[in-house]
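Structure assessment
The chain contents come next:
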Amino acid sequence: MKNNDQALAAFMAKIAEAKERIEELNAYADDHIGDSPEEINWGHVGSAGYFVEKLTELTDWAFGRGEYAKD
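Here's what I pulled together on the structure shown here. Because the structure is predicted, anything quoted here is derived from the model rather than measured.

**Focus: helix H1 (residues 2-30)**
Given a rise of 1.5 Å per residue, 29 residues ought to cover 42 Å, and the 42 Å separating the end C-alpha atoms of H1 matches this to within 8%. Among the residues trailing H1, His32 stands out with phi positive, at a value near 55 degrees.

In C-alpha coordinates:
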(Lines give C-alpha, C1' and ligand atoms only; values in the text may rest on other atoms or scores of the structure.)
Protein backbone atom coordinates (compact mmCIF):
# COMPACT_ATOMS: atom_id res chain seq x y z
CA MET A 1 0.00 0.00 0.00
CA LYS A 2 2.90 2.39 0.59
CA ASN A 3 3.67 2.52 -3.14
CA ASN A 4 0.05 3.47 -3.86
CA ASP A 5 0.18 6.19 -1.19
CA GLN A 6 3.33 7.60 -2.77
CA ALA A 7 1.78 7.49 -6.22
CA LEU A 8 -1.35 9.23 -4.94
CA ALA A 9 0.73 11.95 -3.27
CA ALA A 10 2.75 12.50 -6.46
CA PHE A 11 -0.46 12.56 -8.51
CA MET A 12 -2.05 15.15 -6.24
CA ALA A 13 1.10 17.29 -6.45
CA LYS A 14 0.85 17.20 -10.25
CA ILE A 15 -2.83 18.14 -10.10
CA ALA A 16 -1.96 21.10 -7.86
CA GLU A 17 0.69 22.14 -10.38
CA ALA A 18 -1.85 21.86 -13.21
CA LYS A 19 -4.27 24.08 -11.28
CA GLU A 20 -1.51 26.67 -10.87
CA ARG A 21 -0.92 26.63 -14.62
CA ILE A 22 -4.65 27.03 -15.26
CA GLU A 23 -4.73 30.05 -12.91
CA GLU A 24 -1.74 31.52 -14.78
CA LEU A 25 -3.50 31.03 -18.11
CA ASN A 26 -6.69 32.64 -16.79
CA ALA A 27 -4.71 35.68 -15.65
CA TYR A 28 -2.89 35.76 -19.00
CA ALA A 29 -6.18 35.64 -20.90
CA ASP A 30 -7.66 38.34 -18.65
CA ASP A 31 -4.63 40.48 -19.54
CA HIS A 32 -5.36 40.15 -23.29
CA ILE A 33 -2.55 37.55 -23.52
CA GLY A 34 -0.06 40.24 -22.69
CA ASP A 35 -1.17 42.75 -25.31
CA SER A 36 -2.56 46.24 -24.92
CA PRO A 37 -6.19 46.44 -26.09
CA GLU A 38 -5.42 49.74 -27.83
CA GLU A 39 -2.75 48.08 -29.98
CA ILE A 40 -4.65 44.95 -31.09
CA ASN A 41 -4.31 44.13 -34.78
CA TRP A 42 -4.92 41.08 -36.95
CA GLY A 43 -1.56 39.62 -35.93
CA HIS A 44 -2.81 39.53 -32.36
CA VAL A 45 -5.91 37.70 -33.55
CA GLY A 46 -3.62 35.05 -35.01
CA SER A 47 -1.75 34.78 -31.70
CA ALA A 48 -5.03 34.41 -29.83
CA GLY A 49 -6.05 31.72 -32.31
CA TYR A 50 -2.82 29.83 -31.59
CA PHE A 51 -3.51 30.14 -27.86
CA VAL A 52 -7.00 28.67 -28.38
CA GLU A 53 -5.66 25.94 -30.69
CA LYS A 54 -3.26 24.68 -28.01
CA LEU A 55 -5.91 24.85 -25.29
CA THR A 56 -8.37 23.01 -27.53
CA GLU A 57 -5.84 20.24 -28.10
CA LEU A 58 -5.46 19.83 -24.34
CA THR A 59 -9.18 19.91 -23.59
CA ASP A 60 -9.92 17.53 -26.47
CA TRP A 61 -7.38 15.10 -24.98
CA ALA A 62 -8.78 15.53 -21.46
CA PHE A 63 -12.40 15.02 -22.52
CA GLY A 64 -11.94 12.54 -25.37
CA ARG A 65 -13.06 14.88 -28.14
CA GLY A 66 -11.81 15.48 -31.67
CA GLU A 67 -8.89 13.27 -32.64
CA TYR A 68 -8.91 11.86 -29.10
CA ALA A 69 -12.54 10.74 -29.25
CA LYS A 70 -13.07 7.21 -28.14
CA ASP A 71 -14.98 4.99 -30.53
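Next comes the rest of the write-up.
**Side note on the layout of surface pockets**
A volume near 200 Å³ is recorded for the largest pocket. Lining the largest pocket are Ala18, Arg21, Ile22, Leu25, Leu55, Leu58, Thr59, Trp61, Ala62 and Phe63. Looking at the lining of the largest pocket, the elements that each hand over two or more residues are H1 and helix H2 (42-63). A per-element tally of the lining of the largest pocket places H2 first, with 6 residues. When its residues are assigned to classes, the lining of the largest pocket shows 8 nonpolar, 1 polar and 1 charged.

**What about the pattern of salt bridges?**
Pairing between side chains of opposite charge can happen when their charged atoms approach one another. Evaluated as defined, the whole model comprises 4 salt bridges. Close ionic contact of Arg21 with Glu17 constitutes a salt bridge, the shortest N to O distance being 3.4 Å. Of this pair, Arg21 and Glu17 both sit in helix H1, 4 residues apart, which is roughly one turn of the helix. Taking relative accessible area as the criterion, Glu17 reaches 32% and is therefore assigned partly exposed. As a salt-bridge pair, Arg65 and Asp60 come within 3.4 Å of each other at their nearest N and O atoms. According to the relative accessible area criterion, Arg65 is partly exposed, its value standing at 40%. Each of Lys14, Glu17, Arg21 and Glu24 takes part in one network of salt bridges that share partners.

**Describing H2**
When the terminal C-alpha atoms of H2 are compared, their 31 Å separation across 22 residues agrees well with the 32 Å that a helix rising 1.5 Å per residue should span. Taken together, the buried positions of H2 are His44, Phe51 and Asp60. The arc that holds every buried residue of H2, seen down its axis, measures 165 degrees, which confines them to one face. Turned more than 90 degrees from where H2 packs its buried face, Trp42 and Trp61 sit exposed. The N-cap of H2, judged by a side-chain oxygen 2.7 Å from the amide nitrogen of Gly43 a few residues on, is Asn41. Downstream of H2 by a residue or two, Gly64 has a phi angle that is positive, lying close to 65 degrees.

Calculation notes
Residues numbered from 1 in each chain as written. Predicted model: local features only at pLDDT ≥ 70, side-chain atom pairs only at ≥ 80, totals over all residues. Heavy atoms only, no water. Helix = DSSP H or I, 4+ residues; strand = E, 2+ residues; numbered from the N terminus. Expected span 1.5 Å × (residues − 1). 1 Å grid on protein atoms, 1.4 Å probe; cavity = no way out; pocket = protein on both sides within 12 Å on 5 of 7 lines; lining within 4 Å. Points joined across faces, edges and corners; volume = space filled by probe spheres on them. Nonpolar A, V, L, I, M, F, W, Y, C, P; charged D, E, K, R; others polar. Salt bridge = Lys/Arg side-chain N within 4 Å of Asp/Glu carboxyl O. Buried < 20%, exposed > 50% of the residue type's maximum accessible area, 1.4 Å probe, protein only. Arc of directions from axis to C-beta. Polar contact = N/O pair within 3.5 Å; in protein donor to acceptor, adjacent residues only side chain to side chain.

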